[in-house]
Each structure stands twice: as C-alpha cells, then as structure tokens.
Amino acid sequence: MHGADPALVRRAIETGEALPGSAGFSGVVDGALVRDVLGRRPLFVDAADPSTWAFDRRNLADPVSAPAGTVTALGDDPGGEPTWTLPEFAPTSDDERALTAVRDAVLDRVRLGTSGDGGSADDLAVAFSGGVDSAVVAAGVPDAPCYVAGFEGSHDVAAAREAAEAMDRDLRVVELTHEDLLDAVPTLVDALGRTNPMDLSIALPLFLVAERAARDGFERLALGQGADELFGGYAKVAKAPDDPRVAADTIRGARREVLATIPGQAERDVLAVRAAGIEPVTPLLHDDVVVAALELPGHLLVDGDERKVALREAARGIVPDAVRTADKKAVQYGTYVSRELDRLARQAGYKRRMENHVERYVRDLVGDGPVRPPDDDGDA
C-alpha cells in the first residue's frame, strides 16, 4: 500500500468516507485493489490479466490505470462503479471561518512531517517556480533547497530567482538545453506511456528538476501540485460560465469539473518524478486541504481578476507579498519547454501545418530507428 496505513483504508472502505485524512493511497488491501478518490497515487493493472498489478506501468505488459475511487477484487475488471465519489460541500457563509480553515490546513500540511510520508528535513528538496503554490510549500520547509528548471531567459527561472531572493532561499537552477529534452523524452514516454506534447511539456521540467535533486542526494521532492485545481487557478474556472471549456455555470461548478482531471495529472507528475529516482510529496493535495477548499464560496476562489483568493490569503505573512500576489505562467510555457519542443520538431522537418506535428516528431524520436523527416507532401 502506498500513501496510507492499511487500517485507514479499511475504515474508509467500511464507512464510505472519501476523504479519510490521507494524502492519497493506492495498492492492495484484503485482496482488493484500491485507489483514492482523487487518484493521487498511480495504480495499474494488466488489461489481459487484471489480477496482475503494479505501481509502475513499465512492470506490466499491457497497463491500464485503475480508476480513482475504486475498490476492486483482484482479478475483476477495475472499471466498475466507484466506491468513493468526491463529496459535495455547501459553501461556507462565514468568509473569516472559511479562510481560517484553509490557512490552518495549508500551513499544517506544508510543515515537514505532516504530509503522511514520514520523511525528514535532510532528504527533502522543493520544486520551486516562484509562484504562490511552490512558495507556500517552500515556506513549510525553510532549510530545504529549492530547484527550478527552464531555458535561458525563461519566465520561471526569472520568477524563481526573484522569489528565492525575497524569501532568502537557496535556489538551484537547472538550465535546460535541447540535448536535455532529447535525452529525457524517451525516458518519460516509457514511464508515462504518453506522447502528447502537453503532457510531455509539463512533465519534462518536473523530471529534470527531480533528476537534479536526486543527483544531489535528495530522496523526496515537495511539489505545489493541486493548488490550481482546488483553489480556482485556471482561467476557464475564472471565466465560468462564459468559457466554452467548462460546462458549469458557476465558478464552484467549474472548479469541480477541473478536479476531475486530478487523477490523470497526478499520475503523470508522480510517474515523472519517480522516473528520476525520487519520491514526490504533495502537501496541498492532502485531504485536510481538499476539504477546506471544497467548502469555499466562489468569491474566495476567484474575485474579479484575482484567482486563488483563499490560498493567497493563507500565504499572507508566510511569504513576501510580491510572491504571494504574483501571476505565473503555466509550467510548459514559463520554462519555454513547449516552445523548444516545437522548435526541435520543426528543425527535424515537422512543420506546423502538419496535424499533430510535435507528437508525430515525438513518436518517431522514441521509435526503433532515427527520426524520419516528413516527405515534402507532409506525410511522415
């Protein structure tokens, strides 16, 4: 079992409690495969033989993800109805109470030793982009070094340097090159089982930071994952109901739609970090934080142009105001990884006019032979 004591999981199964006080779990308990309601820990079964399972998809011949929230007897098809579903919480009417609950949960869980992983300060590093999410996590472990990856001149590196200086933190910059991407892509495709450019552009800087931290002797990497999904960090949530990317007609409804993406994102990020030989720690995805976030009214998620209102308030006095209020680009853009992966594809002859030109490039890059430049008519 990864992530929780089997006794806690048994109680959750018996009571139906979806958020029993863990940071996520997966594995086998009493002859059943289990994966928590938000899918924070990856779990796979073999499509041809569901009795064969693994935490690492590379250990199976035909791996498929066990759905989040399920409890399935070994050998049965894991695609049945979930045992747990994310609870519906009515929004708290008392703003002060809601903000206090978020602050208490966040600050408690970012402090070392309260994330349920049993680690110590000596083996922990922090993935740090200079935004409020990673800054709050870093504030909980003041002696841990911070790592950022990015190409020269990238937004994330600049933001991380400014934030680290403001917080008086040790920052270690992983300056990326095209060779880094070319070396890492095959490893990540193998670990993730994904070739789409969006997933790879997100996973690549995370993997390369984790690889550097592991090389420096650290065994765990603290991440700010989950903050955008829980606290209203996405533009499509802020613009609900006018954004066509969400069906909901309220900010809280749009946030709930986004929460459904956590299992796939967590699987990608956890597998990317583990592929580098280090274990991820995600304190902002602990059940205590999830419950506090789910009780927030919409205006404490998004208020005008400000997103993640409650989280920024929780960070007040914990991180400098310039860091607490800073806007940040998505990692794939802030590190320039998406841009440079596209550049590599075009340099290899995969032009933007071609459908899925970057993914076609990636698929050839990890194939048995060398990258095949497309024919003049656009066919690879």
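What counts as what
Residues numbered from 1 in each chain as written. Predicted model: local features only at pLDDT ≥ 70, side-chain atom pairs only at ≥ 80, totals over all residues. Heavy atoms only, no water. Helix = DSSP H or I, 4+ residues; strand = E, 2+ residues; numbered from the N terminus. Pairing = 2+ DSSP bridges. Right-handed = clockwise from strand over helix to strand, strands pointing away. Salt bridge = Lys/Arg side-chain N within 4 Å of Asp/Glu carboxyl O.

Caption draft 1: Focus on unusual backbone geometry. Along the chain, Ala240 connects to Pro241 via a cis peptide bond; the corresponding omega equals 5°. Mapped onto the secondary structure, Pro241 falls in the loop between α8 (235-238) and α9 (251-259). Unlike most non-glycine residues, Asp30 shows phi in positive territory, near 50°. Mapped onto the secondary structure, Asp30 falls in the loop between β1 (26-29) and β2 (32-35). Not every positive phi belongs to a glycine, and Asn356 is a case in point at roughly 55°.

Caption draft 2: Examining the pairing of strand β9 (residues 171-175) more closely. Taken together, the five bridges between strand β8 (residues 146-150) and β9 define a ladder with parallel strand orientation. Paired with Tyr147 across the two strands is Arg172, which belongs to β9. Once the chain exits β8 it traverses helix α4 (residues 155-167) before rejoining the sheet at β9, and the crossover so formed is right-handed.

Caption draft 3: Representation of the pattern of salt bridges in the model. Within the structure shown, the criterion is met by 30 salt bridges. A salt bridge links Arg109 to Asp288, with the nearest nitrogen and oxygen atoms 2.7 Å apart. Here Asp288 lies in helix α11 (residues 287-294) and Arg109 lies in helix α2 (residues 95-110), a separation of 179 residues in the sequence. Notably, a salt bridge pairs Glu267 with Arg194, separated by 3.3 Å at the nearest N-O pair. Residue Glu267 is found in helix α10 (residues 262-275), and its partner Arg194 is found in the loop between α5 (178-192) and α6 (197-215); the two are separated by 73 residues along the sequence. Salt bridges sharing partners connect three or more residues here, namely Arg194, Asp199, Glu267, Arg268 and Asp269.

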